[in-house]
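# Summary of the model geometry
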Amino acid sequence: MLDPIGRDEAREMARRELDKQVYQRDKPSWLERAWDDFSDWLHQLFNQAPNPESQGSGGGWASIAIIVVIALIAIALVVWLMWGRLNPRSRKDPLLEDEPSTALDHRDAAERHAAAGQWAEAIRERLRAIARDLEERAVLAARPGRTADELAAEAGEAVPELAGELAAGVRIFDDVWYGDRPGTAEGYARMTELDERLRAARPKPLEADDLSLAGAGDEGGPRW
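For the structure given in this document, a descriptive report is provided here. Just so it is clear, the model here is predicted, and its values are computed rather than measured.

Rules behind the numbers
Residues numbered from 1 in each chain as written. Predicted model: local features only at pLDDT ≥ 70, side-chain atom pairs only at ≥ 80, totals over all residues. Heavy atoms only, no water. Helix = DSSP H or I, 4+ residues; strand = E, 2+ residues; numbered from the N terminus. Buried < 20%, exposed > 50% of the residue type's maximum accessible area, 1.4 Å probe, protein only. Contact = heavy atoms within 4.5 Å. Areas by Shrake-Rupley, 256 points an atom, 1.4 Å probe, with all protein chains shown as cover. Phe/Tyr/Trp six-rings, centres within 6.5 Å; stacked < 30°, edge-to-face > 60°. Axes fitted to C-alpha atoms, helices over the stretch in contact; angles between N-to-C directions. Parallel < 35°, antiparallel > 145°, perpendicular 65-115°, else oblique. Left-handed = near helix turned anticlockwise from the far one by under 90°. Nonpolar A, V, L, I, M, F, W, Y, C, P; charged D, E, K, R; others polar.

## Digging into the overall build of the protein
In terms of helices and strands, the protein carries ten helices and zero strands. Ordered by position in the sequence, the α and β elements of the protein form the string α-α-α-α-α-α-α-α-α-α. Taken over 224 residues, the protein has a buried fraction of 30%. For the protein, restricting intrachain contacts to residue pairs at least 6 apart in sequence, the fraction spanning at least 24 positions comes to 67%. Accessible area for the protein stands at about 14,600 Å²; split by element, carbon and sulfur atoms hold 58% of it.

Below, the structure written as C-alpha cells:
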C-alpha cells in the first residue's frame, strides 16, 4: 500500500510541478508586467484628471500635473534622441577638410585621439578614414564637400552588404557632433569595426568614365 501524502507534502509537490518550465512559458516577462503596471497607473491618472475638483485632497490636480510632466519628459527624450539627425548642419557640413590627406593620416589621428580618451574626435577621424579609403580605392569618386549623410548613401550603394552598418556609423557621428551626445569607446569600436569590414570588402571600382565625369563636375568647386 502507498503511504498517505500529507497536506504540506502535497502542497510542496504541487508547487514544484507548477515551477516547471512548461508552465512558465506563457507567463508575462518582468518587462511586460512592469509595462502593464505602468499602463494601469497611467489609466488611473487619466480617470482622475477630468474631474480634479471631485478629489478633496487635490488628487485630480496632482494627476494632471503628473501627466504633463510625463508628456514633457517624453517630448524631451524624443528631441534628444533625434537632434543629431534633425540638425541641418549634419546635411551641410563637409566631412573632409580642405587640406590634402590620406586614409592612413586619419586612422593615425583617430588612434591618437582614442589613446587620449577623446572619443568624439576619434569617431570623426575614423569616419574620415573610411571616406578617404573609399576614394583611394576608386570605390567612390573624390568629391569635395561630401557630407557624412551623402557618404552613407553613396557608399551604401557601392557596398550594399554594409549599407546598414554605414548608416549606423553615420548616426553615431551625427549624434556626437550635431546632437551633443558624448562620444564613447563603444561608439569608436563600432566605427573601427566598420572601417575594417569596408577595407576587407572588395566592391567593384568605378569605371574610368565615371571618374572623369566626377572630376569634370568638380571643376570650379571647393577643393579638399
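## Digging into unusual backbone geometry
In this structure, Ala138 takes a positive phi of about 60° despite not being glycine. Relative to the assigned elements, Ala138 resides in the loop between helix 6 (119-136) and helix 7 (148-158). What makes Ala138 buried here is its relative accessible area of 19%.

## Quick word on the packing of aromatic side chains
Each aromatic ring pair is characterised by the separation of its centres together with the angle its planes make. Counted under the stated rule, the structure contains two aromatic pairs. When the ring of Trp119 is compared with that of Tyr188, the centres are 6.0 Å apart and the planes differ by 40°; the resulting orientation is tilted. Placement of the pair is Trp119 in helix 6 and Tyr188 in helix 9 (residues 185-200), with a sequence separation of 69 residues. Exposure remark for Trp119: the relative accessible area of 25% places this residue in the partly exposed category. With centroids separated by 5.9 Å and ring planes inclined at 90°, the aromatic side chains of Phe173 and Tyr178 adopt a geometry described as edge-to-face. Exposure class is identical for Phe173 and Tyr178. Each is buried.

## Brief notes about the packing of helix 6 against helix 9
The N-to-C vectors of helix 6 and helix 9 enclose an angle of 10°; their axes lie 9 Å apart at closest approach. It follows that helix 6 is roughly parallel to helix 9 by the angle criterion. Of the residues in helix 9, those touching helix 6 at Trp119, Ala122, Ile123, Arg126, Leu127, Ala129, Ile130 and Asp133 are Ala185, Gly187, Tyr188, Met191, Thr192, Leu194, Asp195, Leu198 and Arg199.

## Overview of the environment of Ala163
Structurally, the position occupied by Ala163 is in helix 8 (residues 163-177). In this structure the C-alpha to C-alpha distance between Ala163 and Ala153, which are ten residues apart in sequence, comes to 7.8 Å.

## Structural notes on the packing of helix 6 against helix 8
Contact pair helix 6 / helix 8: the axes reach a minimum separation of 10 Å and the direction vectors enclose 140°. Regarding the angle of helix 6 to helix 8, the classification is oblique. In the crossing of helix 6 with helix 8, the sense of the turn from one axis to the other is left-handed. Facing helix 6, whose interface residues are Ala120, Glu121, Ile123, Arg124 and Leu127, helix 8 presents Val170, Ile172, Phe173, Val176 and Trp177. Classifying every residue of the contact of helix 6 with helix 8 gives eight nonpolar, no polar and two charged.

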